[in-house]
Amino acid sequence: MTSVLSVDDVRLDQIITDAIRAGAKAVLTCRRHDRWTTLKCAFVPHETLGHRIVVTHPLQEPPDQGQGLEVGQRVGVAFRRGHRKYLLSTVVETPDPGTSPPTGTVVLRWPNSIHQIQRRVCHRATPPPGRTIHVQVRSGHIDNDNTPTPPGAPILDGRVEDLSVGGIRVLSPHDPSLPADAPVICSFCIDPDTQPTTLNAVFRHRETRHDRFSLGFQFVGLEARRDGPELLARLAAIVTRFQRAAVRQRSRARRLRH
């Protein structure tokens, strides 16, 4: 079964309409301060704004600081409906003349597409035994969706400890002492002779593994990238490969025991 599903137009409208009516919680991804940021928000029911999405404004700064969401800015929205996770990409819009959006909200364009993510690829998967996948981590975030090799020297070289569509854990003999939520760029090649997968991420946690460090990073900005669906499908396919390899390994181990 495909792990990233495109939703048809009829279901798209129904899924978003249901989320609006329920006031579903969501996570909005946007570009701020030269980095990708994830912010909590919620869908807001409305009667007068037509075919639009309205969400609670996720930013607390006064608008005169020039740090708010801008009209035309591309953003990503992730939300759950039951056990399913959905991702969409859209832009901030100006309300139509004569309409009055609720105070403290943001108006978003109705998306052209929406993607459903299978729950299993949101779980961590480890590379097969004997398979080493190198990872380079650099400081900062990239703007270009198609940057194969990010600028700057790596601050961390390691290997994939586990991977999901939501993030990566890197095992390394060195600890770069990153602060929480530090913006980074993760680059790794799953197969030889292929272009590296390059993703924006933020640092989440570190653990000690004897004489090594396990560093966790959360991917950000995928929902808002124009090539986001392609990258999500690529990540989901990798995670699925790892999971199937683990199932085969467990099956062989059971056969050997018997």
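Below, the structure is looked at part by part. This structure is a prediction, so every number in the text was calculated from the model and none was measured.

Thresholds applied
- Residues numbered from 1 in each chain as written.
- Predicted model: local features only at pLDDT ≥ 70, side-chain atom pairs only at ≥ 80, totals over all residues.
- Heavy atoms only, no water.
- Pairing = 2+ DSSP bridges.
- Helix = DSSP H or I, 4+ residues; strand = E, 2+ residues; numbered from the N terminus.
- Axes fitted to C-alpha atoms, helices over the stretch in contact; angles between N-to-C directions.
- Core = buried A, V, L, I, M, F, W, Y, C linked by side-chain atoms within 4.5 Å.
- Buried < 20%, exposed > 50% of the residue type's maximum accessible area, 1.4 Å probe, protein only.
- Contact = heavy atoms within 4.5 Å.
- Lys, Arg positive; Asp, Glu negative; His and termini not counted.
- Salt bridge = Lys/Arg side-chain N within 4 Å of Asp/Glu carboxyl O.
- Polar contact = N/O pair within 3.5 Å; in protein donor to acceptor, adjacent residues only side chain to side chain.

Here we take up the sheet that holds strand β12 (residues 183–188). In spatial order, the strands read β9-β10-β11-β14-β13-β12; together these 6 strands close into a barrel with antiparallel pairing. The mean inter-strand angle of the sheet, taken between neighbouring strand axes irrespective of direction, is 45°. Relative to strand β11 (residues 167–172), strand β10 (residues 156–163) runs antiparallel, the two sharing 4 bridges. Counted as the bridge partner of Asp 162 is Arg 169 from β11.

The next thing to look at is unusual backbone geometry. Even without glycine at this site, Asp 181 takes up a positive phi of about 70°. By secondary structure assignment, the location of Asp 181 is in the loop between β11 and β12. Positive phi values are uncommon outside glycine, yet His 210 reaches one of about 55°. Of note, His 210 is situated in the loop between β13 (197–209) and β14 (212–219).

Another aspect to go through is the nonpolar core. Counting 34 residues, the largest nonpolar core has Leu 163, Ile 168, Phe 188, Phe 217, Phe 219 and Leu 235 as the members making the most contacts within it. Of all elements in the fold, only β9 (134–139), β10, β11, β12, β13, β14 and α2 (228–257) reach the threshold of two or more residues within this core. No other element matches α2, which puts 7 residues into this core. If sequence neighbours within four positions are ignored, Phe 188 has contacts with Ile 133, His 134, Val 135, Leu 163, Ile 168, Pro 196, Thr 197, Leu 199, Phe 219 and Leu 235. Counting 26 residues, the second-largest nonpolar core is a separate cluster that includes Ile 16, Leu 59, Phe 79 and Val 106.

Right, let's get into the side chain of Arg 138. Relative to the helices and strands, Arg 138 resides in strand β9. Of the side chains bearing the opposite charge, Asp 157 lies closest to the buried Arg 138, which forms no salt bridge; the N-O distance is 7.2 Å. There is a polar contact of 3.3 Å between the side chain of Arg 138 and the side chain of Gln 136. Side-chain polar atoms of Arg 138 contact the backbone oxygen of Gly 152, separated by 2.6 Å. Among residues more than four places away in sequence, those in contact with Arg 138 are Pro 150, Pro 151, Gly 152, Ala 153, Pro 154, Ile 155, Pro 183, Val 184, Ile 185 and Ser 187.

Overall, the coordinates contain 10 salt bridges when judged by the stated rule. The residue Glu 93 makes a salt bridge to Arg 52 at a minimum N-O spacing of 2.7 Å. Here Glu 93 is found in the loop between β6 (84–91) and β7 (105–109), whereas its partner Arg 52 is found in strand β4 (residues 52–56), with 41 residues between them in sequence. For Glu 93, a relative accessible area of 16% corresponds to the buried category. Between Arg 209 and Glu 161 there is a salt bridge whose closest N-O contact spans 3.1 Å. Here Glu 161 lies in strand β10 and Arg 209 lies in strand β13, a separation of 48 residues in the sequence.

Looking now at the environment of Ser 100. One can find Ser 100 in the loop between β6 and β7. Placed 53 residues apart in sequence, Ser 100 and Glu 47 show a C-alpha to C-alpha distance of 10.0 Å.

Counting through the fold element by element, His 83 comes out in the loop between β5 (74–81) and β6. When the C-alpha positions of His 83 and Arg 119 are compared, they lie 7.4 Å apart, and in sequence the two are 36 residues distant.

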